[in-house]
Amino acid sequence: MHRTVDRGRALALVVGVFALLVLLPAASWAQDTIPDAPGDLTVDLPADDAAAGLDVPAVPDVPDVRLSVENDEGGLSQTVVIMLLVTVGSVAPSILLLMTSFTRFVVVLSLTRQALGLQTVPPGQVLMGLALFLSIFTMGDVLSEVNEDAIQPMLAGEITQSEAVSAGYEPLRDFMLANVREDDLQLMIDLSGSDQPAEPSEVSASTLVPAYVISELRAAFLMGFVIFVPFLIIDLVVAAVLMSMGMMMLPPVFISLPLKLLLFVLVDGWVLITGSLVQSVAQV
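Calculation rules
- In every chain, residue numbers begin from 1 and rise along the written sequence.
- The model is predicted, so local features are restricted to residues of pLDDT at least 70 and side-chain atom pairs to those at 80 or more, both for listing and for counting; the totals for chains, interfaces and linings are taken over all residues.
- Where side-chain values are given, they derive from all heavy atoms of the structure, hydrogens and water being excluded.
- As used here, the term nonpolar core means buried Ala, Val, Leu, Ile, Met, Phe, Trp, Tyr and Cys residues forming a set that is joined through side-chain atoms within 4.5 Å.
- Working definition: with a 1.4 Å probe on protein chains only, accessible area under 20% of the residue-type maximum means buried, over 50% means exposed, and in between means partly exposed.
- Secondary structure elements follow DSSP: runs of H or I no shorter than four residues count as helices, runs of E no shorter than two count as strands, and numbering proceeds from the N terminus.
- Contacts were defined at the residue level, with two residues in contact if any of their heavy atoms lie within 4.5 Å.
- Residue count minus one, scaled by 1.5 Å, sets the expected span of a helix.
- Note: the arc covers the axis-to-C-beta directions of the helix.
- Polar contact is defined as a pair of N or O atoms within 3.5 Å, subject to the rule that within protein one atom must be able to donate a hydrogen and the other to accept it, and that residues adjacent in sequence are counted only when both atoms are side-chain atoms.
- The criterion for an aromatic pair is that two Phe, Tyr or Trp rings (for Trp, the six-membered ring) have centres within 6.5 Å, with stacked assigned to planes under 30 degrees apart, edge-to-face to planes over 60 apart and tilted to the rest.

Side note on the nonpolar core
Membership of the largest hydrophobic core comes to 39 residues, with the highest contact counts inside it found for Val108, Met176, Leu185, Leu208, Ile273 and Leu277. Secondary structure elements with two or more residues in this core: helix H4 (102–116), helix H5 (124–138), helix H6 (140–155), helix H7 (161–179), helix H8 (182–192), helix H9 (205–244) and helix H11 (269–280). When sequence neighbours within four positions are dropped, the list of residues in contact with Leu185 reads Leu177, Val180, Val203, Thr207, Leu208 and Ala211.

So this is what it looks like as structure tokens:
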């Protein structure tokens, strides 16, 4: 009962904070947009109304509020920029998962945690964050090129959205072509039923992206297998020793887990894994 009440209060608190975050900027924007009404506005009345003693205030003109696509400097207005950012944010997870090295990094880090025998340590959010920043570090030049060739010119109004998509895809395409396996790429070309491209740059995105993801998964599983081997040996040795001593009721994980953690710390495992991950990605 108390947990239900606490969850209800927490949900109400979250909804209230979200409403404040949404309504307060809208209220401040409306206050800044609509001018204040004049204080003393009167109009001249006919002789009959003036004799009657009527003082009718004049109605101020309603401001003409319009949505402008461009600002005074020729670039996109702030409203349009916000809409574009929201749109990019909705498709960014797909781009991050499928067209960068994030997939390889997060799979290897997750397999490392499982090899150690730890279910929730490090937390999944930590592994996701580490994989994200390793991807940004590895693909820094590619992301900078996308920003310079596509995002900034589009925000400045120099190119259209379709041109920005084409310009931003070229650096990512070169990166994927540098890391995809030829066998995986040929497999997707054969499955698509299209003609053999004369040059790698002529491969369509619908063919290149799945081939790249398959190559990343293959590389991640190979690295995960190499990481699993020493920890598997420790588990087998501990289980055999306990069995020979007749301690069958004692779970081997109670003995093997501290030994695996000690081995991982002694060899500086996180440095080895992150270094191997970064070096395994081919640069353009």
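That shown, we press on.
Things to note about H11
Three or four residues apart is the spacing at which side chains of an α-helix point the same way, because the helix has 3.6 residues per turn. The terminal C-alpha atoms of H11 lie 16 Å apart, and with 12 residues this matches the ideal 16 Å at 1.5 Å per residue to within 8%. Within H11 the residues assigned to the buried category are Gly269, Ile273, Thr274 and Leu277. Along the axis of H11, the buried positions cluster into a sector of 120°, meaning they face one direction only.

Structural notes on the side chain of Thr138
Following the sequence through the fold, Thr138 ends up in helix H5. Classification of Thr138 as buried rests on a relative accessible area of 6%. Here Leu134 takes part through its backbone oxygen, which lies 2.7 Å from a polar atom of the side chain of Thr138. Not counting residues within four places of it along the chain, the set of residues in contact with Thr138 comprises Ser101, Phe105, Val278, Val281 and Gln283.

Structural notes on the packing of aromatic side chains
Tallied over the entire structure, the rule returns three aromatic pairs. Seen in terms of ring centroids, Phe231 and Phe264 are 6.2 Å apart; in terms of plane orientation they differ by 45°. Their pairing is tilted. Remark: Phe264 occurs in helix H10 (residues 253–266) and Phe231 occurs in helix H9; sequence separation between them is 33 residues. Phe231 gets classed as buried once you look at its relative accessible area, which sits at 5%. Taking the relative accessible area as the measure of exposure, Phe264 reaches 8% and is therefore buried. Where Phe264 meets Trp270, the ring centres are 5.2 Å apart and the plane angle is 85°; that geometry is what we call edge-to-face. Relative accessible area serves as the criterion here: at 32%, Trp270 is assigned to the partly exposed category. Here the aromatic residues Phe231, Phe264 and Trp270 are joined through ring pairs into a cluster of three or more.

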